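Listed below, chain by chain, are the residues.
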Amino acid sequence: MNLAYRWDIFCRVIDNYGDIGVCWRLAADLARRGAQVRLWVDDPAALAWMAPEALSGDWPGVLLMPWNDASDTRVLDTLEPANVWIEAFGCEIPLPFVSHHLAKPSVTRATPVWINLEYLSAESFAERSHGLVSPVMHGVARGHIKHFFYPGFTPGSGGLLREPELKSRQQSFDRAAWLTGQGIDWQGERLVSLFCYEPSALPALLAQWQQEPRPTRLLVTPGRAAVAVRGVMAAIGLAASKGDALRIDELVPMRQTDFDHLLWACDLNLVRGEDSVVRALWAGKPFIWHIYPQDDDAHHAKLQAFLDVLQAPASLRQAHLAWNSVVDTPLPRLSDEHACWVGWAQRTRERLCLQDDLVTRLEDFVASKHAVVLDRPGKR
């Protein structure tokens, strides 16, 4: 077995599906490439619809593990040691797990490569910090080191999650058939997906579409987005029935693969959080990102850096800043800018696809620490 082919990934679910969404895509992608992955999660509930095979144990190469079992020596005694430990998004591996494995040195087994997988950011510090070491200064792991791994949009970062088969999946996608399968009787309207928090510009956007000659079909994800839309519609007295300029469909929770299909099917995607913005990039369609708001407004700089590194046109930048309440200016009329944004989205996807994806970079990073060469067919 290759040294890099058994992975422990630790995930604590704090945010709105982004953390478990990213960790599941990472685990599944590693498994597709031949790895054996244990995914330790404190709250796996969202996987019931994201990836139901995960809960049933039917996903080859991935074993879902309860977080608390990482502190149970009876469980740990039954497990083969991993070659890689990943702490996702600042969570920390339970100390009993660390102590159990580091207390059993072996001349035939290298110390696990210990990785702190950080949040996605286009800010310059991410590239500067990517790959740096963080010595453990106290506790049972004193003397060992962790490595920072920063996902990002540049060759000097950790890259973006992108499965090897993604392009072929997109090429074979049948938009009309997928919409029919979802019970959406599409009649050629403009299709827009909505996955957001509670943007202050939402009332203006719905009113904008209500007044346009071309009908808009808004496909709303369940949860906060659906609640926000219902509240706005009630507050401003808008209707969204058959035949109106704006029609609204509330979707049910869907698998990650179907969320990809939703983004591929739509003409414009309004997305939120870390997992969905990457999937919007791969969709190659115009999108607006609702970045996770922070009390100290640190997300403003993060959003500006994102727009800079992706070379967003001025009108798309204005739309992002207004949608995220970074500036107190009206949202531009999205239909007027759509043609400009289409070309940008396609060019951006093609440019990013020329870079190695996150799992390829992660495997290479781990291999460099173990001084082995991964047996990997072809370029991913």
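Anything mentioned here points back to the structure above.
In this model, F89 sits at a positive phi of 55°, which is unusual for a non-glycine residue. One can find F89 in the loop between strand 4 (84-88) and helix 5 (95-102). Overall, the relative accessible area of 10% leaves F89 in the buried class. In this model, S325 sits at a positive phi of 55°, which is unusual for a non-glycine residue.

Moving on, we get to the pairing of strand 1 (residues 6-11). Burial of strand 1 is extensive: six of the six residues sit out of reach of the surface. Relative to strand 2 (residues 36-41), strand 1 runs parallel, the two being bridged by six bridges. Bridge pairing in strand 2 links F10 to W40. Sheet topology note: the strand 1/strand 4 ladder contains four bridges and is parallel. Looking at strand 4, one finds that W7 is bridged to V84.

Bringing the packing of aromatic side chains into the picture now. The final tally for this structure, using the stated rule, is 19 aromatic pairs. Between F10 and W67 the ring centres are 5.8 Å apart and the planes differ by 90°, which places this aromatic pair in the edge-to-face class. Taken together, the positions of F10 in strand 1 and W67 in the loop between strand 3 (62-66) and helix 4 (73-76) put the pair 57 residues apart, joining distant regions of the chain. Owing to a relative accessible area of 0%, F10 belongs among the buried residues under this scheme. Measuring from ring centre to ring centre gives 5.5 Å for W40 and F97, while their planes differ by 75°; the resulting arrangement is edge-to-face. Of this pair, W40 sits in strand 2 while F97 sits in helix 5, and the two are 57 residues apart along the sequence. Residue W40 is classed as buried on the basis of its relative accessible area, which comes to 0%. Three or more aromatic residues link up through ring pairs in this structure, and these residues are F10, W40, W67, W85, F97 and W114. One Lys or Arg, R162, reaches over the ring of W282 and ends 5.1 Å from the middle of that ring.

What counts, and at which threshold
- Residues numbered from 1 in each chain as written.
- Predicted model: local features only at pLDDT ≥ 70, side-chain atom pairs only at ≥ 80, totals over all residues.
- Heavy atoms only, no water.
- Helix = DSSP H or I, 4+ residues; strand = E, 2+ residues; numbered from the N terminus.
- Buried < 20%, exposed > 50% of the residue type's maximum accessible area, 1.4 Å probe, protein only.
- Pairing = 2+ DSSP bridges.
- Phe/Tyr/Trp six-rings, centres within 6.5 Å; stacked < 30°, edge-to-face > 60°.
- Lys NZ or Arg CZ within 6 Å of the ring centre and 35° of its normal.

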